[in-house]
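Descriptive analysis of the structure
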Amino acid sequence: MPRQMKAAVLREYNQPLVIEDVTIEDPKAGEVLIRQAACGICHSDVNVVLGQEKWNLPVILGHESAGYVEAVGAGVTHLKPGDRVAASLLRSCGRCFYCTSGMPSLCDTPHPLDSETRHYDANGKPITLGMRMAGWAEYALVDQSQVVTVPDSMALETAALVGCGVITGVGAVINTAQVEVGSSVVVLGLGGVGINAVQAARVAGARHVIAVDLLDTKLETAQAFGATHLINAGRENAVQTVKDITNGRGADYVFVTVGSQRAISQSFEMLRKRGTTVIIGLTPNDEAAALPVRQVALTEVRVLGSFLGSTRLNVAFPQFVELYEQKRLKLDELITATYPLEQINEAIAVVERGEAVRNIIVF
Ligand code: CXF
Ligand code: ZN
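From a predicted model like this one, the values you see are computed outputs, not experimental measurements. The numbering scheme is per chain: residues are counted from 1 as the chain's sequence reads. Ligands are numbered from 1 and chains lettered from A, in the order in which they are written. Local features in this predicted model are restricted to residues of pLDDT 70 or higher, and side-chain atom pairs are both shown and tallied only at a pLDDT of 80 or more, whereas totals for entire chains, interfaces and linings draw on every residue. Side-chain metrics rest on all non-hydrogen atoms present in the structure, leaving aside hydrogens and water.

**A look at the site of ligand 1**
Quick note on the threshold: If even one non-hydrogen atom of a residue comes within 4 Å of a molecule or strand, that residue is called near it. Under this definition, polar contacts are N or O atom pairs within 3.5 Å; protein pairs additionally need one hydrogen-donor-capable and one acceptor-capable atom, and for neighbouring residues in sequence, both atoms have to be side-chain atoms. Accessibility throughout is a Shrake-Rupley quantity obtained with a 1.4 Å probe, and a residue counts as covered only by protein chains that appear here. Under the scheme applied here, ten amino acids are nonpolar (Ala, Val, Leu, Ile, Met, Phe, Trp, Tyr, Cys and Pro), four are charged (Asp, Glu, Lys and Arg), and all others, including Gly, are polar.
Surrounding ligand 1, one finds Cys-42, Ser-44, His-63, Leu-89, Met-131, Cys-164, Leu-282 and Phe-307. Between an oxygen atom of ligand 1 and a side-chain N or O atom of Ser-44, the distance comes to 2.4 Å. Within the contact set of ligand 1, an oxygen atom lies 3.2 Å away from a side-chain nitrogen or oxygen of His-63. Notes on ligand 1: free accessible area 270 Å², of which the protein chains cover 71%. Tallied by class, the residues present in the shell around ligand 1 amount to six nonpolar, two polar and no charged.

Now the structure itself:
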């Protein structure tokens, strides 16, 4: 039986979201309906609200959450109503070349939830299920591959952050780059992803964890998450400072979390020979960045892309839980503030101003 719920609907770009009565359908085969406890606000959601990324309007956004299993579709055997779970936008079919090769973040099998309507407004008109979750709502419908169970030791608000920000930042360091003990690591940009890259570099045993941003408040946060050196790129020459810290050699790894050509160019100037630039942040549209061809060839630098931290959810989540229980991964500290759904527009405005690591909606 379809359920009635409140949801935050984006009807027009650059306009406040509208809290509406929405009908959501039952889960179909392989799907899970989650009664949401919490859902994060990610910069990628805000980019859609601002019209910088387009979805078919009206749309419900939100793509990292946690809650309770409300109902499961046919064939879902490892989850039952009442289970505490976290959900991610990382969806994978389990059968394609990429999934069977251990690269589920690159799964390219279309899913019915990508295109089918499961949400209807009060007039019976369809609403798009955005960001593979439509998480800013009292219930969310996802594929079972997007769901992991949460132990009682972890609050659902905390678990909600794992699905995008944590897997993307931590995964880039641990999975994509596989940073070695003793490395010199630079993180350019200290939003939700950058802060998680900083703490993952610390967990991985990096010698230098050099955090770079334009805002002192973000640099202070990075220090609390394990950065050993802070560079305000507005005041300091970041390239020179990285060289100074690394015996004039340059960094082993630079993680570029901001989608900017300038940051990518700078990353090459900061690298040592055979160092690695990891590109995480997306540039607007399909902008290209110039590659320093001679340097790439002559100094053997490497360029890696990282999408959702090259994560395998069922491997990563239990690891994160254990690191969290050992107090080596800080998750509670990522939460800047919690808001009820009715105040989602205030919460988004704070994120837009760059004042939050993570704001979350609680239900
Ligand atoms: C993004 C990456 C680009 C597509 C939307 C989701 N990842 C996390 O926010
Ligand atoms: Zn996100």
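Right, picking up where we left off after that structure.
**Concerning the sheet that holds strand β8 (residues 126-129)**
Note the threshold: One bridge is not enough; two strands pair if DSSP finds at least two bridges between them. Segments assigned H or I by DSSP are reported as helices when at least four residues long, segments assigned E as strands when at least two residues long, and all are numbered from the N terminus.
Spatially, β1-β2-β7-β8-β4 is the arrangement adopted by the five strands of the open sheet, whose pairing is mixed. Because the sheet does not close on itself, it has two edges, and the strands there are β1 (3-9) and β4 (59-60). One ladder, built from seven bridges, connects β1 with strand β2 (residues 18-24); its direction is antiparallel. The residue bridging Ala-7 from the neighbouring strand is Glu-20, located in β2.

**Comments concerning the side chain of Ser-306**
The condition is simple: Exposure categories follow from relative accessible area, calculated using a 1.4 Å probe and restricted to protein chains: below 20% of the type maximum is buried, above 50% is exposed, and the middle band is partly exposed.
By secondary structure assignment, the location of Ser-306 is in the loop between β16 (302-305) and α11 (313-325). Under the relative-accessibility criterion, Ser-306 is labelled buried at 8%. In this structure the side chain of Ser-306 is engaged in a polar contact, spanning 2.7 Å, whose partner is the side chain of Thr-176.

**Overview of the environment of Thr-228**
As for its placement among the helices and strands, Thr-228 is situated in the loop between α7 (216-224) and β13 (229-232). Owing to a relative accessible area of 42%, Thr-228 belongs among the partly exposed residues under this scheme. A C-alpha to C-alpha distance of 8.9 Å links Thr-228 and Arg-202, two positions 26 residues apart in sequence. Within the local environment of Thr-228, its side chain forms a polar contact with the side chain of His-229, the two groups lying 2.8 Å apart.

**Some thoughts on the pattern of salt bridges**
Cut-off, in case you're wondering: Between Lys or Arg on one side and Asp or Glu on the other, a salt bridge is scored when a side-chain nitrogen of the former is within 4 Å of a carboxyl oxygen of the latter.
What the rule picks out here adds up to 17 salt bridges. Put simply, Lys-80 and Asp-83 hold a salt bridge, and the shortest N to O gap is 2.9 Å. With a relative accessible area of 52%, Lys-80 lands in the exposed category. Among the residues examined, Asp-83 registers a relative accessible area of 13% and is labelled buried. Each of the salt bridges in this network shares a partner with another, and the network as a whole consists of Arg-3, Asp-26, Arg-35 and Glu-70.

**Some words on unusual backbone geometry**
Pro-58 follows Leu-57 through a cis peptide bond whose omega is -5°. One can find Pro-58 in the loop between α1 (43-49) and β4. Backbone geometry places Asn-247, a non-glycine residue, at a positive phi of 60°. On the secondary structure map, Asn-247 appears in the loop between α8 (238-245) and β14 (251-256). With a relative accessible area of 66%, Asn-247 lands in the exposed category.

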